[in-house]
Amino acid sequence: MKTIFSLLKLTLLTLILFAVIYPLAIYGIAQLAPNQGKGETISVNGKVVGYQKIGQKFDKSNYFWGRPSAVDYNAAGSAGSNKGPSNADYLALVQKRIDTFLVVHPYLKKSEIPSDMVTASGSGLDPNISPQGALIQVKRIAKERKLDETKVKALVESKINTAVVGPETVNVLELNVALDQLR
Amino acid sequence: MNTELLGVIGIFILTIILAILLGKYIAKVYLGDKTLLDPIFNPIEKFIFKISGINPAEEMNWKQHLKALLSINMVWFFLCFFVLLFQGSLPLNPDNNPSMTPDLAFNTAISFLVNCNLQHYSGESGVSYLSQILLMFLQFVSAGIGMAAAAMIFTAMKERTTEQLGNFYNYFIKSCTRVLLPLSAVVAIILVFSGTPMTFEGKDAITTLQGDHVEVSRGPAAAFIAIKHIGTNGGGFFGANSAHPLENPTYFTNQVELWAQMIIPFAMIFALGFFLNKRKLSNIIFGVMTVGFLFLVVPTVISEINGNPAIEKMGIAQTTGAMEGKEVRFGPAMSGFWSIATTVISTGSVNSMHDSSMPISGAMQLLSMMVNAYYGGCGVGILNYYIFIILAVFISGLMVGRTPEFLGKKIEAREVKIAAFIAILHPLLILSGTALASYFAAHDTAMGYWFNGNATGWLNNPGNHGFSEMLYEYTSSAANNGSGFEGLGDNNPFWNITTGIVLLLSRFIPIIGPLAIAGLLAGKKYIPESAGTLKTDTSIFGIMTFAVIAIIAALSFFPALALGPLAEYFTLK
């Protein structure tokens, strides 16, 4: 009986240390972080249009598109497709995505489409595409928006994120926000 | 591409270097030597022990260690089970998530208790913030339990004859306060400033740039994600785990999280060397583990970079490798490396969806958990390896005709029996679980209460890959890993209860076994090293241990791997 009480007391004290003091300390420090640790947002004219790190759905033809998402970019229910590499239904779906992509971008050769544009991301919320994935959409965007193609291409190139290590990425939301401001 | 691989190799080497330093520190903590953090933690620990009425200087024998370990786990299980069961009506639930069903609460409580974090729920909709914080508490203490068990074994390996193996509570609290807490705080702060949320506000509702309405889940994630990796737990705050852009926002945070999950398992091995003053022994152990790790990781990274042959045939560019289930900011090399690190070490957090990995990668991920002794989880990794050392000592002893001895203690029938039982338990649990589930799936049995519908309904993929999904789930449970081929429909009584039982057995029996062996050996007469002693800190003995591991894993698991990922590999060719 004595042991039970001391185990309960030990549990309570460790709970206070690890489940109250520790998270509150981190919460306190988070107040100094961007947007007080609530997640960084992107605003246009003072209105929040999205979270910088969270991908959102773009299917209108005058915007750059992101990657396919298994959860349709539901930011309250992330998930991947979990399709195995040999699954016939899955492979048919990828083939269909390639065909659709070619219909909308008739100027493209198949071998120019990078695999990230036709496969679903792990989280379903991938905010990025590869630079190649953005560059192949330039011609379509320029036509839709009646903009100079070189200008759009220059915009994409200015939005390619490079770091010392790691893959090059393009944040689709940031790119589209900048695109809206392009005249 | 090249810099992606460079980032992987860089972080691996950096972790090894830092692990040597941390190992020295951990050894000092367990030996009770002076350390830098004494002024902060001495008073806190004194206070905890005083209020709880525990004397941290009281020496315990191995049975007392076990009793303390098991009873405190029981307390935590009930605490967690009831909170999950009633979370819907408890405070800190801004998103109004519902309470768990009893079978899900059973599975979740056990799974966090045993440092596995198999999650049959999705973080955004399945748990309240209160539950998340309680689960985070279990992430601390379950890692502390593993480390305390390892510390007892370290003490038992000393060159002397004794029943007195230190104090369990002392090892446990010190592991939590002096190792897990400071490291977690550092990682959490890095995450917070890299974009991971740490807020108690609920979901945010926004209108996107093109005009859709979206809800965005947030929460006190940074603190949780830090200990999830430092404690090799792996349970994600969000459903997509470390593939989620808030849980793992950049390539840099990915490196930090990778470092965080490898650092303690690496350091514990070096700590053994510093603790016993046998650096060579720990270097050999680390060498064997690293060779085994490289055997698993290299084929995985290559097959992910090469991409899916079936998609290659469609004629598109796979310059970025196999991208299904992966995030652009990590890329295939980093995702492939992580998938082996997380399965070798019992973390089980994922930054890509393993279900969509290439077949060879899937086979390697499975094999990592089947071996379950390269690096391993917080503390328990070295316990698993200890079993293989005992077996290797016994077998080599028989081969050269000498009495099997390890660190001056005779290994006799009783210890070998325990070790053999532990070594067989792992394949037994995995293969019988998989056999049961496959039987139902093969017959498409109507499952009644156990599953809503016929058994094939829980599969997300047909054929060999479907078999792999079931094999993976039991392997992950038995290795206390927690990753999954997440396509499997696992939130139902059948999977919740069967994996729950596997989790319990495969956590506590492999702790009880090594503790018992170490305790029994510690009580035996110490025989000083002589010309007739079989040396255990040589590369020959390292190779011997490697062979024992390879034979046990290959023989027992090869048929299952052949039916799952290997068969899929050949169909894709």
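Residues numbered from 1 in each chain as written. Chains lettered and ligands numbered in written order. Predicted model: local features only at pLDDT ≥ 70, side-chain atom pairs only at ≥ 80, totals over all residues. Heavy atoms only, no water.

## A look at the UniProt feature "transmembrane region" (unreviewed entry) in chain A
Link 1 in the chain: As annotated in UniProt, the feature "transmembrane region" (unreviewed entry) corresponds to residues 7–30 of chain A in the numbering used here.
Link 2 in the chain: Along residues 7–30 of chain A, the helical share is 100% and the strand share 0%, with 33 Å between the first and last C-alpha atoms. (UniProt positions renumbered as here; feature names shortened; annotations may be inferred. Helix = DSSP H or I, 4+ residues; strand = E, 2+ residues; numbered from the N terminus.)

## A few points about the interface of chain B and chain A
Link 1 in the chain: Counting residues at the interface gives 103 residues for chain B, matched by 92 residues for chain A.
Link 2 in the chain: In total, about 7,500 Å² of surface goes out of reach between chain B and chain A, with carbon and sulfur atoms giving 66% of it.
Link 3 in the chain: Considering only the surface of chain B that becomes buried against chain A, Leu209(B), Gln210(B) and Met314(B) emerge as the three largest contributors, covering 11% of it.
Link 4 in the chain: The interface formed by chain B and chain A holds 2 salt bridges in total.
Link 5 in the chain: Among the ionic pairs, Lys38(A) bridges to Glu201(B), the shortest N-O distance being 3.3 Å.
Link 6 in the chain: Per-element accounting of the side of chain B that touches chain A gives the leading share, 13 residues, to helix 7 (residues 168–194) of chain B.
Link 7 in the chain: Residues belonging to the side of chain B that touches chain A are distributed by class as follows: 56 nonpolar, 31 polar and 16 charged. (Contact = heavy atoms within 4.5 Å. Buried area = accessible area lost by both parts, 1.4 Å probe. Salt bridge = Lys/Arg side-chain N within 4 Å of Asp/Glu carboxyl O. Nonpolar A, V, L, I, M, F, W, Y, C, P; charged D, E, K, R; others polar.)

## Some remarks on the confidence of the model for chain B
Link 1 in the chain: Per-chain confidence: chain B averages 94 in pLDDT, with 100% of residues scoring 70 or above.
Link 2 in the chain: Across the whole predicted complex the pTM is 0.95, and at the interface the ipTM reaches 0.95. (pLDDT = per-residue confidence, 0-100.)

## Structural notes on the nonpolar core
Link 1 in the chain: Grouped together as the largest cluster of nonpolar side chains are 214 residues, with contacts concentrated most on Ile264(B) and Trp458(B).
Link 2 in the chain: Both domains that furnish three or more residues to this core are identified here as domain 1 (1–38) and domain 2 (40–181) of chain A.
Link 3 in the chain: Those residues within four positions of Ile264(B) in sequence are excluded, and the remaining contacts are Leu22(B), Met147(B), Val179(B), Leu180(B), Leu183(B), Ile230(B) and Cys378(B).
Link 4 in the chain: In this structure, Ile98(A), Val118(A), Leu179(A) and Leu182(A) belong to the second largest nonpolar core, which totals 39 residues. (Core = buried A, V, L, I, M, F, W, Y, C linked by side-chain atoms within 4.5 Å. Buried < 20%, exposed > 50% of the residue type's maximum accessible area, 1.4 Å probe, protein only. Domains from an automatic or database assignment.)

## As for the packing of helix 7 of chain B against helix 9 (residues 251–276) of chain B
Residue and element names in this part refer to chain B.
Link 1 in the chain: Between helix 7 and helix 9, the least distance of the axes is 10 Å, while the angle of their chain directions is 170°. As the angle between them shows, helix 7 and helix 9 are arranged roughly antiparallel. For the pair formed by helix 7 and helix 9, the contact residues are Val179, Leu180, Leu183, Val187, Ile190, Leu191 and Ser194 on the first element and Phe252, Thr253, Val256, Glu257, Trp259, Ala260 and Ile264 on the second.
Link 2 in the chain: Class assignment for the residues of the contact of helix 7 with helix 9 results in 11 nonpolar, 2 polar and 1 charged. (Axes fitted to C-alpha atoms, helices over the stretch in contact; angles between N-to-C directions. Parallel < 35°, antiparallel > 145°, perpendicular 65-115°, else oblique.)

## Topic: the domain arrangement of chain A
Link 1 in the chain: Segmentation of chain A into domains returns domain 1 (1–38) and domain 2 (40–181).
Link 2 in the chain: Look at where the C-alpha atoms of domain 1 of chain A and domain 2 of chain A centre, and you get two points 40 Å apart.

## Examining the state of the cysteines
Residues and elements named next belong to chain B.
Link 1 in the chain: Taken as a whole, this structure holds 0 disulfides over all chains when the rule is applied.
Link 2 in the chain: As a non-bridged cysteine, cysteine 80 has cysteine 116 as the owner of its nearest cysteine sulfur, 13 Å distant.
Link 3 in the chain: Its relative accessible area of 1% is what places cysteine 80 among the buried residues.
Link 4 in the chain: Cysteine 378 provides the cysteine sulfur closest to cysteine 176, a residue in no disulfide bond, and the two sulfurs are 9.7 Å apart.
Link 5 in the chain: Residue cysteine 176 is classed as buried on the basis of its relative accessible area of 0%. (Disulfide = S-S within 2.5 Å.)

## What about helix 5 (residues 149–158) of chain A?
Residues and elements named next belong to chain A.
Link 1 in the chain: For helix 5, the full list of buried residues reads Val152, Leu155 and Val156. Each buried residue of helix 5 sits inside an arc of 100° when the element is viewed along its axis, so together they form one side. Every exposed residue of helix 5 that faces more than 90 degrees away from the buried side is listed here: Thr150 and Ser158.
Link 2 in the chain: Contacts made by the buried residues of helix 5 are with helix 3 (131–135), helix 4 (138–145), strand 4 (160–161) and helix 6 (172–181). (Arc of directions from axis to C-beta.)

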